[in-house]
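# Geometric and topological summary
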Amino acid sequence: MAAGLKGIDVSNWQNGINLSVVPYDFVIAKATEGTSYVSPDCARQIEQVRSMGKLFGVYHYINGSGAAAEMQHFVDSIKNWIGKGILALDWEQGGNKAWGNLNYLRQCVKKVIELTGVTPIIYASAAVFPWDLAKELNCGAWVAQYANNNTTGYQDTPWNEGAYACAIRQYSSHGRLNGYGGNLDLNKAYMDREAWMKYAAPAGSAPETPSTPQQPDNSIANMDISDLVVLVLEDKYGSGDARKKAIGSRYNEVQEYINHIAYSNAKTLADEVWAGKYGNGDKRKRLLGARYDEVMKVVNGGGSGTIYTVKSGDTLSAIAKKYNTTANAIAKKNGISNPNLIYPGQRLTI
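My aim in this report is to walk through the structure given alongside it, one point at a time. The structure displayed is predicted, hence computed values, not measured ones. (Residues numbered from 1 in each chain as written. Predicted model: local features only at pLDDT ≥ 70, side-chain atom pairs only at ≥ 80, totals over all residues. Heavy atoms only, no water.)

Remark: helix 2 (residues 67-78) packs on helix 3 (residues 102-116), axes separated minimally by 9 Å, with the N-to-C direction vectors making an angle of 40°. As judged from the angle between their axes, helix 2 and helix 3 are oblique. Where helix 2 crosses over helix 3, the two elements pack in a sense that is right-handed. Contacts between helix 2 and helix 3 involve Ala67, Ala68, Glu70, Met71, Gln72, Phe74 and Val75 from the first element and Tyr104, Gln107, Cys108, Lys111, Val112, Leu115 and Thr116 from the second. Here the residues of the contact of helix 2 with helix 3 are counted per class, giving nine nonpolar, three polar and two charged. (Axes fitted to C-alpha atoms, helices over the stretch in contact; angles between N-to-C directions. Helix = DSSP H or I, 4+ residues; strand = E, 2+ residues; numbered from the N terminus. Parallel < 35°, antiparallel > 145°, perpendicular 65-115°, else oblique. Left-handed = near helix turned anticlockwise from the far one by under 90°. Contact = heavy atoms within 4.5 Å. Nonpolar A, V, L, I, M, F, W, Y, C, P; charged D, E, K, R; others polar.)

The structure is reproduced here in structure tokens:
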């Protein structure tokens, strides 16, 4: 097989990822889902990739809420990138009311072509890939198939390579690359830059001229704080004076972050998990370390008490009455200094 291009796909699960330091030839970012969701970090992710002069794509996660409406939402959200990056449709079972109805997927593909003049590629698992539909509509195939869930870097020859022809192969969801502390989806594209742009910009389109790639800034000063903390916790910079010298001006910032995790109560850390501060999966586990199980019990409602999410109009006394306790008891358990000050979305341990 040809060497191909190496890349990653991201979504808001990787919110804040610094794509100027992670190595890749291309990035495909989740843009939209259904008829209303827009990934909050998509625009930043894509524009950072473009600033590096790298190849990119954007994808829509189909949820079955109406083919025409979903595709209109997708196209409206990515109109500045049409003809410049690959367009992709994510066809999966999870959260997809149209799952099993390939005519729905057909309608989605045709609607994108109608609205943009670009034929999207289709993403799906190898086990259920709609090969006949992709051939019928001349769609490139982006196929997901993993050998296992072991952590890995980029692979030149992914497992089962050559068993079928595809445009892009996603071969791991447990990729580890320099510059990011969590898992990443790793992909191999069986094409060069010119072929990529043919998917992105059919005949008659005018793709942008790539900018001169900038030299990635791999410095500690430019690293996301959570990624830097993961590396510090794994002793990548030693300890004591050696660590202090290695991370320089960010030493106090890192130590405050580590101490916060070590000494905050589990409820505080659980609220921060819900807010997305510690990422997901393996990255969260590595950041929280010995506190992980304790915090996740609270996150999952399995701690010492019921978890109640504050709604608009709630008062602490009304919540206390509902659970046969007192406002002061709830305030004490949750570290609330002013019982009159609670806010919608706040999670309280009762």
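With that out of the way, let us pick up the packing of helix 6 (residues 225-233) against helix 8 (residues 251-263). Put simply, helix 6 and helix 8 touch, their axes get as near as 10 Å, and they point 80° apart. For the element pair helix 6 / helix 8, the angle class is roughly perpendicular. Listed contacts from helix 8 to Ile225, Ser226, Leu228, Val229, Val232 and Leu233 of helix 6 are Glu253, Val254, Tyr257 and Ile258. Of the residues in the contact of helix 6 with helix 8, the class split is eight nonpolar, one polar and one charged.

What follows is about the environment of Thr116. The topology assignment puts Thr116 in helix 3. Judged by relative accessible area, Thr116 falls into the buried class, the value being 17%. Spatially, the C-alpha atoms of Thr116 and Lys79 are 8.6 Å apart, while their sequence positions differ by 37 residues. Dropping the residues within four chain positions of it, Thr116 is found in contact with Val75, Ile82 and Leu87. At 2.7 Å, the side chain of Thr116 and the backbone oxygen of Val112 are in polar contact. At a separation of 3.0 Å, a polar atom in the side chain of Thr116 contacts the main-chain amide nitrogen of Val118. (Buried < 20%, exposed > 50% of the residue type's maximum accessible area, 1.4 Å probe, protein only. Polar contact = N/O pair within 3.5 Å; in protein donor to acceptor, adjacent residues only side chain to side chain.)

Every buried residue of helix 9 (residues 266-274) is listed here: Ala266, Lys267, Leu269, Ala270, Glu272 and Val273. Sitting at the head of helix 9, Asn265 places a side-chain oxygen 3.1 Å from the backbone nitrogen of Lys267.

This next bit is on the pattern of salt bridges. Going through the model one piece at a time under the given rule, you end up with 11 salt bridges. Note that Asp156 and Lys6 form a salt bridge whose closest N and O atoms lie 3.0 Å from each other. Here Asp156, found in the loop between strand 7 (141-144) and strand 8 (168-175), pairs with Lys6, found in strand 1 (residues 5-10); they are 150 residues apart in sequence, far enough to count as distant. You can call Lys6 partly exposed: its relative accessible area is 29%. Note that Glu47 and Arg50 form a salt bridge whose closest N and O atoms lie 3.0 Å from each other. With Glu47 and Arg50 both in helix 1 (residues 42-51), this residue pair falls three residues apart, about one helical turn. (Salt bridge = Lys/Arg side-chain N within 4 Å of Asp/Glu carboxyl O.)

Counting residues in each nonpolar core, the largest one holds 49 residues, and the members touching the most others are Ile8, Val22, Val58, Ile62, Phe74, Leu89 and Leu184. The leading source of residues in this core is helix 3, at five residues. The residues touching Val22, leaving out its near neighbours within four places in the chain, are Ile8, Ile17, Leu177, Asn178, Gly179, Tyr180 and Leu184. By size, the runner-up hydrophobic cluster in this structure holds 27 residues, among which are Met223, Ile258, Ile261 and Leu269. (Core = buried A, V, L, I, M, F, W, Y, C linked by side-chain atoms within 4.5 Å.)

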